[in-house]
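Letter by letter, the chains look like this.
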Amino acid sequence: MSFTTKIVSTGVFFLFIFLSGFWLSRTGKPYSGLIFNIHKLIGLAAGVFLIVTVVQVHKTMPFRPVQIAALTTSMLIFVALVAAGGLQSIEATGGLANASQSVRNSIALVHKVFPYLAVLSTAVTLYLLLGRE
Ligand code: HEM
């Protein structure tokens, strides 16, 4: 897959994750199972697509420390998003009843801010990994 195809595919993944995420927020709690699953599955598919890309690139060259740093940052942001999203859905069905309001607010805040960090960090990571092709 060419550099441009990778970038465009990643952009399309992010576009649909954001659209389904805003849709999910707007329809509110209890979350629609359909929209929730669409959002979750596109998020996971994007993660798998990016991991496959990383593995492919790694077969062609050893990674430099700056590439490993960017990659690790992106992966941590994705893991945090999946965790916060999962916790929000648990909270929406009455779970986390013993968690304080500030803990719940923090979880929601993570899932509001981290998507933008994910776009930024993924863009930097792809630039560093694919930029020399
Ligand atoms: C795969 C696991 C994920 C789950 C279970 C999940 C779950 C959720 C839930 C429950 C909401 C609604 C939050 C609300 O009520 O305001 C939401 C919104 C959203 N999600 Fe996710 N999400 C996941 C992954 C991601 C990823 C990987 C991204 C971005 C890279 C993302 C971006 C967004 C955005 C932009 C919103 C809208 C937030 C806003 O209103 O500002 N999600 N997600």
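Along each chain, residue indices are assigned from 1 in the same order as the chain's sequence is written. Restriction of local features to residues with pLDDT of at least 70 applies here, the model being predicted, together with a cutoff of 80 or more for giving and counting side-chain atom pairs; totals for whole chains, interfaces and linings are based on all residues.

**Q** Is there a simple way to think about helix 1 (residues 3-27) in this case?
**A** Side chains that are three or four residues apart share a direction in an α-helix, a result of its 3.6 residues per turn. In DSSP terms, a helix is any run of H or I states spanning at least four residues, a strand is any run of E spanning at least two, and both are numbered starting from the N terminus. The span one expects for a helix is its residue count, reduced by one, times 1.5 Å. Spanning 25 residues, helix 1 covers 36 Å between terminal C-alpha atoms, matching the ideal 36 Å at 1.5 Å per step. Burial is judged by counting other C-beta atoms within 10 Å of a residue's own C-beta: 20 or more means buried, 12 or fewer means exposed, and anything between counts as partly exposed, with every C-beta placed from the backbone. All of the buried residues along helix 1 are Ile17, Ser20 and Leu24. Whether two residues are in contact depends on their C-beta atoms, placed from the backbone: they are in contact if these lie within 7 Å. Here the buried face of helix 1 lies against helix 2 (33-60). Immediately beyond the C-terminal end of helix 1, within one or two residues, lies glycine 28, with a positive phi of roughly 70°.

**Q** Sorry, what's going on with the site of the ligand here?
**A** Residues are counted as near a molecule or strand when the C-beta atom, derived from backbone positions, lies within 6 Å of that molecule or strand. Around the ligand sit 22 residues in total, of which Gly21, Ser25, Gly43, Gly85 and Pro115 are the nearest. Of all elements in the fold, only helix 1, helix 2, helix 3 (65-92) and helix 4 (101-130) reach the threshold of two or more residues within the shell around the ligand. A total of 7 residues in the shell around the ligand trace back to one element, the largest contributor, which is helix 3. Here the nonpolar group is Ala, Val, Leu, Ile, Met, Phe, Trp, Tyr, Cys and Pro; Asp, Glu, Lys and Arg are the charged ones; every other residue, Gly included, is treated as polar. Residue composition of the shell around the ligand, by class: 11 nonpolar, 9 polar and 2 charged.

**Q** Mind showing me how you'd approach unusual backbone geometry here?
**A** Most of the time, phi is negative for any residue but glycine, and the peptide bond is trans. With an omega of -5°, the peptide bond running from lysine 29 to proline 30 counts as cis. Structurally, proline 30 is set in the loop between helix 1 and helix 2. The residue leucine 96 is not glycine, and still its phi comes out positive at about 55°. Mapping leucine 96 onto the fold places it in the loop between helix 3 and helix 4. With 15 C-beta atoms counted inside 10 Å, the residue leucine 96 sits in the partly exposed group.

**Q** Help me understand the packing of helix 3 against helix 4 in this model?
**A** The angle between the axes and the distance between the axes are what describe a pair of packed helices. The N-to-C vectors of helix 3 and helix 4 enclose an angle of 150°; their axes lie 8 Å apart at closest approach. In this view, helix 3 runs roughly antiparallel relative to helix 4, as classed from their interaxial angle. Remark: the crossing between helix 3 and helix 4 carries left-handed chirality. For the contact of helix 3 with helix 4, the class distribution of residues is 19 nonpolar, 9 polar and 2 charged. Axes here mean lines fitted to C-alpha atoms, for a helix over just the part in contact, with angles spanning 0 to 180 degrees between N-to-C directions. Any angle that falls under 35 degrees is termed roughly parallel, while one over 145 is termed roughly antiparallel, one within 65 to 115 roughly perpendicular, and all others oblique. Here is the rule for handedness: rotate from the far helix to the near one, and if that takes an anticlockwise turn smaller than a right angle the crossing is left-handed, while a clockwise turn gives right-handed.

**Q** What's the story with helix 4 in this structure? I'm lost.
**A** For helix 4, which comprises 30 residues, the first-to-last C-alpha distance of 43 Å matches the rise-based estimate of 44 Å (1.5 Å per residue) to within 8%. Along helix 4, the sharpest kink reaches roughly 35°, centred on phenylalanine 114 and followed within four residues by the proline proline 115. All of the buried residues along helix 4 are Ile107, His111, Ala118, Ser121, Thr122, Thr125, Leu126 and Leu129. In this fold, the buried residues of helix 4 make contact with helix 1, helix 2 and helix 3. Bend at a residue means the angle formed by two fitted axes: the first through the 7 residues ending at that position, the second through the 7 residues beginning there.

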